[in-house]
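# Residue-level structure breakdown
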Amino acid sequence: MILCRPNCPGIFMPDPAHSIIVAPGGVKVCPVLTRPGAHGREILAFVHPTAGHQIVKGTLEEGEALEPAALRELAEESGIDSARIMAKIAEIEVPDYCQFWHVYECETDADLAEKWSFFAQEDEGKWFHFFWIPLAQLPTKDWIDQFQPVISALQDWFAAKD
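Residues numbered from 1 in each chain as written. Predicted model: local features only at pLDDT ≥ 70, side-chain atom pairs only at ≥ 80, totals over all residues. Heavy atoms only, no water.

Assigned secondary structure in the protein consists of 2 helices and 11 strands. Along the chain direction, N to C, the helices and strands of the protein fall in the order β-β-β-β-β-β-β-α-β-β-β-β-α. Carbon and sulfur atoms make up 54% of the accessible area of the protein, which amounts to about 8,200 Å² in all. (Helix = DSSP H or I, 4+ residues; strand = E, 2+ residues; numbered from the N terminus. Areas by Shrake-Rupley, 256 points an atom, 1.4 Å probe, with all protein chains shown as cover.)

So, in structure tokens, the structure goes:
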């Protein structure tokens, strides 16, 4: 077993897909909804009311499989319940947060707006404001550092794929 950042406090648990141990709640799923755009590949992002620009991500619940968890998080945070997983993009250790992320490319046939808001029930409820952004324009100063490895992985994945 590999210990993800051994100085993180708390009881550690195994990531179900690897020989890695992370902090409780440290196994994350990140469903990245994509679409073609006028300026290249676009990804769905949102403005979190207290934490800047983000991509949907959430915690794997006990006993849950990774892919269903990714689709659940997308539905819970955005209201999109018609997505499907196309591929696993990356597995990323985020040691400063004692986390291990499973990143998935997702698509939907739903006709989604350019921008919308969704009231997510997590943490006593928050309004998330969604928008599409060309992947080539990332990162911007509005994104927190935690997402930088994910953005890099997305750019590498789609550069090789497209």
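Moving on: helix α1 (residues 66-78). For α1, built from 13 residues, the straight-helix expectation of 18 Å at 1.5 Å per residue is met to within 8% by its first-to-last C-alpha distance of 18 Å. All of the buried residues in α1 are Leu66, Ala69, Ala70, Arg72, Glu73, Leu74, Glu77 and Ser78. Looking one or two residues beyond α1, the residue adopting positive phi is Gly79, at roughly 85 degrees. (Expected span 1.5 Å × (residues − 1). Buried < 20%, exposed > 50% of the residue type's maximum accessible area, 1.4 Å probe, protein only.)

Evaluation of the coordinates by the stated rule reveals 6 aromatic pairs. Chaining the aromatic ring pairs together yields one cluster made of Phe46, Trp116, Phe128 and Phe130. (Phe/Tyr/Trp six-rings, centres within 6.5 Å; stacked < 30°, edge-to-face > 60°.)

Our next topic: the confidence of the model for the protein. Mean pLDDT over the protein works out to 86, with 85% of the residues at or above the 70 mark. Confidence drops under a pLDDT of 50 for residues 1-6, and excluding neighbours within four residues, the segment shows 23 contacts in the predicted structure. (pLDDT = per-residue confidence, 0-100. Contact = heavy atoms within 4.5 Å.)

Attention shifts here to the pairing of strand β11 (residues 126-134). For β11, a buried count of 7 out of 9 residues is recorded, marking the element as mostly surrounded by other parts of the structure. Across 6 bridges, strand β5 (residues 40-48) lies against β11 in antiparallel orientation. In the strand pairing of β11, Ala45 is matched with Phe131. Joining the antiparallel neighbours strand β10 (residues 115-120) and β11 is a turn of 5 residues, in which Asp123 adopts a positive phi near 45 degrees. (Pairing = 2+ DSSP bridges.)

Backbone torsion omega between Leu138 and Pro139 reads -5 degrees, so that peptide bond is classified as cis. Among the secondary structure elements, Pro139 is positioned in the loop between β11 and α2 (148-161).

With that out of the way, let us pick up α2. In this model α2 runs 20 Å from its N-terminal to its C-terminal C-alpha over 14 residues, within 8% of the 20 Å that 1.5 Å per residue would give. Those residues of α2 that sit buried are Val150, Ile151, Ala153, Leu154 and Phe158. Angular distribution of buried residues about the axis of α2 spans 160 degrees; they occupy a single face of the element. Summarising the geometry of α2, the exposed residues directed more than 90 degrees from the buried face are Asp156, Ala159 and Ala160. Next to the buried residues of α2 lie β4 (27-37), β5, β8 (84-94) and β9 (99-107). (Arc of directions from axis to C-beta.)

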